[in-house]
Amino acid sequence: QVQLVESGGGLVQAGGSLRLSCAASGRTFSTLAMGWFRQAPGKEREFVATITQGGITYYGNSVKGRFTISRDNTKSTVYLQLNNLKPDDTAVYYCSASARYGLFVRQSDYNGWGQGTQVTVSS
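Residues numbered from 1 in each chain as written. Predicted model: local features only at pLDDT ≥ 70, side-chain atom pairs only at ≥ 80, totals over all residues. Heavy atoms only, no water.

Draft legend 1. Summary view of the sheet that holds strand β3 (residues 18-25). The four strands lie next to each other as β1-β3-β8-β7, forming an open sheet whose pairing is antiparallel. The open sheet has two free edges, formed respectively by β1 (3-7) and β7 (67-72), since each of these has just one partner strand. In this sheet, adjacent strand axes meet at a mean angle of 15° when their direction is disregarded. When β3 meets strand β8 (residues 77-82), the two strands line up antiparallel, connected through six bridges. Across the sheet, the residue bridging to C22 is V78, located in β8. (Pairing = 2+ DSSP bridges. Helix = DSSP H or I, 4+ residues; strand = E, 2+ residues; numbered from the N terminus. Axes fitted to C-alpha atoms, helices over the stretch in contact; angles between N-to-C directions.)

In structure tokens, the structure reads:
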């Protein structure tokens, strides 16, 4: 069972940046595909970004070109760099992990979830 702990959320002005981190334990990190999702108040959880075991990345359309996902297998940590933030990016951001090999965008593809970290972007 993988345990995931997110950090790095906070309050930032529009146009600003944040870096989210997600530390994993309980499984060999390099064997995990990792993802980030977010959920805004009153909305469904949506896909943000994913990175495969081999480092291939894929992004949701709303964040493409502004967010960057990366991983450091030596630290068992996945990162999400958020640049040029907009008020619409306000949400709880969740880290997720999958023991399957590949590129996954659906919540059902992941079997490990963190508790979430709040990102609030003011206008």
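After that view of the structure, there is still more to cover.
Draft legend 2. Main features of a nonpolar patch on the surface. Together, I56, Y58, L103 and V105 make up an exposed nonpolar region whose accessible area comes to about 350 Å². Turning to its location among the elements, I56 is positioned in the loop between β5 (46-51) and β6 (57-59). The exposed category is assigned to I56, whose relative accessible area is 54%. (Patch = residues over 30% accessible without salt bridge, like charges linked within 9 Å, V, L, I, M, F, W, Y side chains within 5 Å. Areas by Shrake-Rupley, 256 points an atom, 1.4 Å probe, with all protein chains shown as cover. Salt bridge = Lys/Arg side-chain N within 4 Å of Asp/Glu carboxyl O. Buried < 20%, exposed > 50% of the residue type's maximum accessible area, 1.4 Å probe, protein only.)

Draft legend 3. Geometry of the pattern of salt bridges. Applying the stated criterion across every chain yields a total of five salt bridges. With its nearest N and O atoms 2.6 Å apart, the salt bridge here joins R38 to E46. In this structure E46 comes out as partly exposed when scored by relative accessible area, which is 33%. In this structure, R106 and D109 form a salt bridge, with 3.1 Å as the shortest nitrogen-oxygen distance. Relative accessible area serves as the criterion here: at 52%, R106 is assigned to the exposed category.

Draft legend 4. A look at the state of the cysteines. Applying the stated criterion across every chain, the model contains one disulfide. Residue C22 pairs covalently with C95 via a disulfide, S to S 2.1 Å. Between C22 and C95, the disulfide has an S-S torsion of -80° and is therefore left-handed. Of the two residues, C22 is situated in strand β3 and C95 in strand β9 (residues 91-98); the sequence distance between them amounts to 73 residues. Taking relative accessible area as the criterion, C22 reaches 0% and is therefore assigned buried. Owing to a relative accessible area of 0%, C95 belongs among the buried residues under this scheme. (Disulfide = S-S within 2.5 Å.)

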